[in-house]
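# Summary of structural features
Given next are the chains, with one letter for each unit.
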Amino acid sequence: MIVPHLSFPFKSAAFILLLSVSLLHFKPPQNTRQTLTLTHNRTETVSGAAPRNYIVRFREYKQASDYRSYLESSLRSEGWKWIERQNPAAKYPTDFGLVAIEEASKDGVIMEIEKLGLVKDVNLEVSYNRGLLAGSFEDGKKGPGKILTSMSFSEGEHSYESELSNSSIHWGRHLLMQKSQVTSLFGADVLWAKGYTGAKVKMAIFDTGIRANHPHFRNIKERTNWTNENTLNDNLGHGTFVAGVIAGEDAECLGFAPDTEIYAFRVFTDAQVSYTSWFLDAFNYAIATDMDVLNLSIGGPDYLDLPFVEKVWEITANNIIMVSAIGNDGPLYGTLNNPADQSDVIGVGGIDYSDHIASFSSRGMSTWEIPHGYGRVKPDVVAYGREIMGSKISTGCKSLSGTSVASPVVAGVVCLLVSVIPQNKRKELLNPASMKQALVEGAAKLAGPNMYEQGAGRVDLLESYEILKSYQPRVSIFPSVLDYTDCPYSWPFCRQPLYAGAMPVIFNATILNGMAVIGYIKSPPTWHPSDEEGNLLSIHFTYSEVIWPWTGYLALHMQIKEEGAHFSGEIEGNVTVTVFSPPAHGETVPRRSTCVLHLKLKVAPTPPRSKRILWDQFHSIKYPPGYIPRDSLDVRNDILDWHGDHLHTNFHIMFNMLRDAGYYIETLGSPFTCFDAQQYGTLLLVDLEDEYFKEEIEKLRDDVINTGLGLAVFAEWYNVDTMVKMRFFDDNTRSWWTPVTGGANVPALNDLLAPFGIAFGDKILNGDFSINGEQSRYASGTDIVRFPRGGYVHSFPFLDSSESGATQNVLLNSGMNKADSPILGLLEVGEGRIAVYGDSNCLDSSHMVTNCYWLLKKILDFTSSNIKDPVLFSDSAKQDKPLYEDDNQLPSRRTDVNFSTYSAVVRKDLLCRSDSRFEVWGTKGYNLHVRGRNRRLPGYPIIDLGRGLNTSADASRSRRYKSAEKKNSGDSFGNKYLGRWYKDELDMPVLVASHWLIPLVVMVTGILLFLSIWRIRQRRRRRRRTGSGRLANL
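Description of the structure in this document. Since this is a predicted model, take the numbers as computed values, not measurements.

## Thoughts on the pairing of strand 18 (residues 397-400)
Where strand 17 (residues 388-391) and strand 18 come together, four bridges link them in antiparallel fashion. Each bridged residue has a counterpart across the sheet, and for Ile388 the counterpart in strand 18 is Leu400.

Take a look at the structure:
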């Protein structure tokens, strides 16, 4: 009798089959690092809402009735209607129409309209709220109208001293100067004596109107109403005051140009609301009636409101000189208001009678160009804007303050200067560029403020008069000089010398073309060094090849060549650029003019690596175009993050502090693959909102572990429930605005820090704490929820103000103790060092309560030089076991936001741009090796997340870290068995088709092996039966 027994292959096959089935049914923890689901933009519409108004812009001017017939005959869709606009512009051709579209038909109607040949685009109608005494947000709630800042003036401003300015400023009221006529301070009476009083100058005042027969004005030519209210009168006093500063003739509040022809455009209602279509019609009317000067005392942060911005371009292209207030959001930097921040507009800041920058005056630089470039110098000029006298609604005078006061001061100066030129030569010589040339070249530079606070300086009427008397059309550059020895005017450039090996230093100047509305740069600008040392400077230029309207840009990307690594001294020379314009009337040859930018630069030897810091600008997202919320949720009147988040805007005090401490700070406006980590002691990541390319994550890991780069991260709050609560309904666009992300993009930061075993949570923590006697305020920061063993972590008892923390706070208020929350972590890993902190408000000048520069210095000492502060690295702070939170408990990305609309990463190409070193322009970066995500990158050490990353290493720091299993760590089973599959522990998150892929492969292999062995055994059995039959027959 033959007894069957299970062979080893059969046992193996059975074992594999059982293992496969068990793996297939095992469901590992879900990884909540979700990819972005593309659904909505920054607004979500309201179902069943009333029809909304849309502006349809056309490619040419025609009568409104023609365009109405065109749409009605071309569109097949229902659900829309043409809106008639009854105003003075109706008798002139127009380039837009206003249509109401029902919500249910919106997508189809808009798509059909945009396909029409005469249509340029379709934009949602928005309204403007000037907010005389406040901005667009009050107590965290959105007011009616377009988002505008606090633009208008106020009475009774108080003394102010700001720690946010580059210099200490004391505002004291000068009682004698209060009563002085602002016109006499500028010498207007000198020009009056010469017979220049603003005669035959058409001045358009876009405001709240003016009353007929006002006793202060001798020449009110026309009053027009563009609102839906049936009155031409000014019931608020704003428009009357502005007109009085420009052209009033009352002895107590004289204006600059009393004979100027006043054209009052009433574009604001008594509730201080205006609509885009009102402005567009009024602008078209100003063009059709040939205005000379236009004053606009409104503004806001939305420079991407294209119908408005492009109509301003059209205004200036039609030779109307526009003057606008720069904004009342000082003393903060990066707060320029549109349209004053446009290069074709004269943007005006405010000063007091002591020639100090007024506390309320907004500061530059312009933020349009960030993150890839550098902002332009604004304001253009400053003028007195504190305690200025102007006309009341019906009679009498009053004093007010604000940049909205300074703007009509300059508008009055401009009217007076226009009247200096004979009327038959005005259109030949005067235009927005030539007038700006006269103002900036004649301005008096103030001692103390820098160029982004004062522009060219205080307006000097008489100097500008002398320039215009002999003016010939030409091209110039503003500023015309960049002098590193002229501090503080040339701040921030004068604060840090150039040196070899640095990121390019970018200086963005404005080209003013007084020859014609359009100009051309046919050949690149040229650098002319004054001596041989000047050849050490390498300049790449980016510039406007076509200059329109009247202005363009010239950006210098400056690097010191490698042979200048040990040079110390000054480099001087000129940059020249030639502009061509079409011949004027009666001329046959194109106009040509060469302008000069003088450079005087300081150069120093390349500093040591430990003193060089790289600031990440690339991953910062600001408003506009998305609803990026503020970093401190305690701030209720400014809910948007719109100040640029740049070293030279709202982080300018931190920049000055780091320079004082001996650090050299450079800016990275391109991905992490675009810098050489061997050159820098620390990469500084502060308040970042964007995602990261996978190549960036991989390179940063290698830079820290193998190259010894220090990494310092200052995060911010991120809580989805709180973001949803922060949304607001805009009754003008009939849609919900929801934050695109939190104060920082914590899910993206967690992906970046995952290779080091570090992650932030979703708490929103607030409270005061102290380290070694240094008091600090934690303002809407987040907590650390993952950190390796062996690192140093500091925790403090704070309240969690997030939506999810509300229940906890109720319990705490009933007598329970606050739980300690980890907020600061320090870690050695490989050759590098990492520090993470959950709040950036203490570095940000915008809404700072207390600064934490002392902490930043200690962090940089550690990350750049491995200097360990005994308090930060005390034994009590050392982690005996890792902090760990499961993947499904980490903050997750929002899936209801189309993040690619705002991101420089999502659905974008990885590319080194013109702010990186010249050798990597247009490439993907340094030593980039693209690989799959599911294998360890060759050459990377393996990290022991259980023992910590600061394991002692030998002198070469090249020891490879072996992985050990973590007990009860919650590490995902998927990562573990994938690690076994590839013979080592995975060192960063991986993306695979699904968690069932590998078990499925193992199961199929087991089944095939089992079937093969079973068939072999069946064949053997048949042979045995056959053999037994033959033996029986025998």
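## Focus: the pattern of salt bridges
What the rule picks out here adds up to 39 salt bridges. Ionic pairing is found between Asp281 and Arg85, a salt bridge with its closest N-O pair at 2.6 Å. Here Asp281 is found in helix 8 (residues 276-288), whereas its partner Arg85 is found in the loop between strand 3 (80-82) and strand 4 (94-101), with 196 residues between them in sequence. The residues Asp281 and Arg85 share a single accessibility class, namely buried. Glu691 is paired through a salt bridge with Arg893; the nearest N and O atoms lie 2.8 Å apart. On the criterion of sequence distance, the pair formed by Glu691 in the loop between strand 31 (682-686) and helix 16 (694-705) and Arg893 in the loop between helix 20 (853-865) and helix 21 (973-981) is long-range, its members being 202 residues apart.

## Side note on the state of the cysteines
Counted according to the given criterion, the structure contains four disulfides. Here Cys674 is linked by a disulfide to Cys912, with a sulfur-sulfur distance of 2.0 Å. As the torsion about the S-S bond is roughly -95 degrees, the Cys674-Cys912 disulfide counts as left-handed. With a gap of 238 residues between them, Cys674 in the loop between strand 30 (664-668) and strand 31 and Cys912 in the loop between helix 20 and helix 21 connect regions that are remote in the sequence. Across the pair, exposure class does not vary: Cys674 and Cys912 are buried alike. Bonded cysteines in the protein chain are paired 1-2, 3-4, 5-8, 6-7 when counted in the order they occur along the chain.

## Overview of the environment of Thr227
Considering the arrangement of structural elements, one finds Thr227 in the loop between strand 10 (220-225) and helix 7 (238-247). Linking Thr227 and Phe268, residues 41 residues apart in sequence, is a C-alpha distance of 6.5 Å. Residues in contact with Thr227, not counting those within four places in the same chain, are Arg266, Val267, Phe268, Thr269 and Trp278. Within the local environment of Thr227, its side chain forms a polar contact with the backbone nitrogen of Glu229, the two atoms lying 3.1 Å apart. Side chain to side chain, Thr227 and Arg266 meet in a polar contact 3.0 Å long.

## Some words on the packing of helix 8 against helix 9 (residues 306-317)
As a packed pair, helix 8 and helix 9 sit with axes 10 Å apart at the nearest point and diverge in direction by 10 degrees. Here helix 8 lies roughly parallel to helix 9, going by the angle between them. Together, Thr276, Phe279, Leu280, Phe283, Asn284, Ala286 and Ile287 of helix 8 and Pro307, Phe308, Lys311, Val312, Glu314 and Ile315 of helix 9 make up the contact between the two elements. Partitioning the contact of helix 8 with helix 9 into residue classes produces nine nonpolar, two polar and two charged.

## Quick word on helix 3 (residues 106-114)
Residues of helix 3 that are buried: Lys106, Val109, Ile110, Glu112 and Ile113. Down the axis of helix 3, the buried side of the element spans an arc of 165 degrees, and every buried residue falls inside it. Exposed side chains of helix 3 directed beyond 90 degrees from the buried face belong to Asp107 and Met111.

## Some remarks on the sheet that holds strand 3
Taken together, four strands build an open sheet; the order of strands is 3-4-2-5 and the sheet is antiparallel. Unpaired on one side and paired on the other, strand 3 and strand 5 (119-124) mark the two borders of the sheet. Averaged over all adjacent pairs, the angle separating strand axes in this sheet is 30 degrees, with direction ignored. Across seven bridges, strand 2 (residues 52-62) lies against strand 4 in antiparallel orientation. Within the sheet, the bridge partner assigned to Arg52 lies in strand 4 and is Ile101. The strands touched by helix 2 (residues 64-74) within the sheet are strand 2, strand 3 and strand 4, with strand 2 carrying the most contacts at an inclination of about 115 degrees.

## A few points about the sheet that holds strand 37 (residues 774-781)
Taken together, three strands build an open sheet; the order of strands is 37-36-40 and the sheet is antiparallel. Strands with a single pairing partner mark the edges of an open sheet, and in this sheet they are strand 37 and strand 40 (799-800). Here strand 36 (residues 765-771) pairs with strand 40 via two bridges, running antiparallel. What sits directly across from Leu765, in strand 40, is Asp800.

## Section: the pairing of strand 29 (residues 612-616)
Working note: regular strand, side chains alternate between the two faces of the sheet. Among the five residues that make up strand 29, five are buried, leaving the element largely enclosed by the rest of the structure. By the bridge criterion, three bridges tie strand 29 to strand 31 in an arrangement that is parallel. Opposite Leu614, over in strand 31, you have Leu683 as the bridge partner.

## Some points on the environment of Met435
Looking at the element boundaries, Met435 is found in helix 12 (residues 432-442). Looking at Met435, the relative accessible area reads 0%, which means it is buried. For the pair Met435 and Leu512, spaced 77 residues apart in the sequence, the C-alpha separation amounts to 9.9 Å. Residues within four places of Met435 in sequence aside, it is in contact with Ile321, Ile346, Val414, Leu417, Val418, Leu430 and Leu468.

## Let's talk about the packing of aromatic side chains
Inspection of the entire model under this criterion finds 38 aromatic pairs. Relative to Trp491, the ring of Tyr333 has its centre 5.8 Å away and its plane inclined at 65 degrees; by these criteria the two rings are edge-to-face. Of this pair, Tyr333 sits in the loop between strand 14 (321-325) and strand 15 (346-351) while Trp491 sits in the loop between strand 20 (481-483) and strand 21 (505-513); the two residues are 158 residues apart in sequence, bridging distant segments of the chain. Relative accessible area serves as the criterion here: at 0%, Tyr333 is assigned to the buried category. By relative accessible area, which is 3% here, Trp491 ends up buried. Here the guanidinium or amino end of Arg376 rests over the ring plane of Trp368, the centre of that ring lying 5.9 Å away. Over the ring of Tyr680 we find Arg612; its NZ or CZ atom is 4.7 Å from the centre of that ring.

## Examining unusual backbone geometry
With an omega dihedral of 5 degrees, the bond running from Gly330 to Pro331 counts as a cis peptide bond. Of note, Pro331 is situated in the loop between strand 14 and strand 15. In the segment running from Gly364 into Met365, the intervening peptide bond is cis, with an omega of 0 degrees. Structurally, Met365 is set in the loop between strand 15 and strand 16 (381-384). Even without a glycine there, the phi angle at Asn319 is positive, about 65 degrees. Overall, Asn319 belongs to the buried group, its relative accessible area being 12%.

## Section: the environment of Glu387
With respect to the helices, strands and loops of the structure, Glu387 is situated in the loop between strand 16 and strand 17. Placed 18 residues apart in sequence, Glu387 and Val405 show a C-alpha to C-alpha distance of 8.9 Å.

## Topic: the nonpolar core
One finds Val410, Met435, Leu439, Met558 and Leu599 to be the most contacted residues of the largest nonpolar core, which totals 108 residues. With 12 residues, helix 10 (residues 403-420) is the single largest residue contributor to this core. Not counting residues within four places of it along the chain, the set of residues in contact with Leu439 comprises Ile346, Val381, Val410, Val413, Val414, Leu417, Val459 and Ser464.

Here is what the cut-offs are and how they apply
- Residues numbered from 1 in each chain as written.
- Predicted model: local features only at pLDDT ≥ 70, side-chain atom pairs only at ≥ 80, totals over all residues.
- Heavy atoms only, no water.
- Pairing = 2+ DSSP bridges.
- Helix = DSSP H or I, 4+ residues; strand = E, 2+ residues; numbered from the N terminus.
- Salt bridge = Lys/Arg side-chain N within 4 Å of Asp/Glu carboxyl O.
- Buried < 20%, exposed > 50% of the residue type's maximum accessible area, 1.4 Å probe, protein only.
- Disulfide = S-S within 2.5 Å.
- Contact = heavy atoms within 4.5 Å.
- Polar contact = N/O pair within 3.5 Å; in protein donor to acceptor, adjacent residues only side chain to side chain.
- Axes fitted to C-alpha atoms, helices over the stretch in contact; angles between N-to-C directions.
- Parallel < 35°, antiparallel > 145°, perpendicular 65-115°, else oblique.
- Nonpolar A, V, L, I, M, F, W, Y, C, P; charged D, E, K, R; others polar.
- Arc of directions from axis to C-beta.
- Phe/Tyr/Trp six-rings, centres within 6.5 Å; stacked < 30°, edge-to-face > 60°.
- Lys NZ or Arg CZ within 6 Å of the ring centre and 35° of its normal.
- Core = buried A, V, L, I, M, F, W, Y, C linked by side-chain atoms within 4.5 Å.

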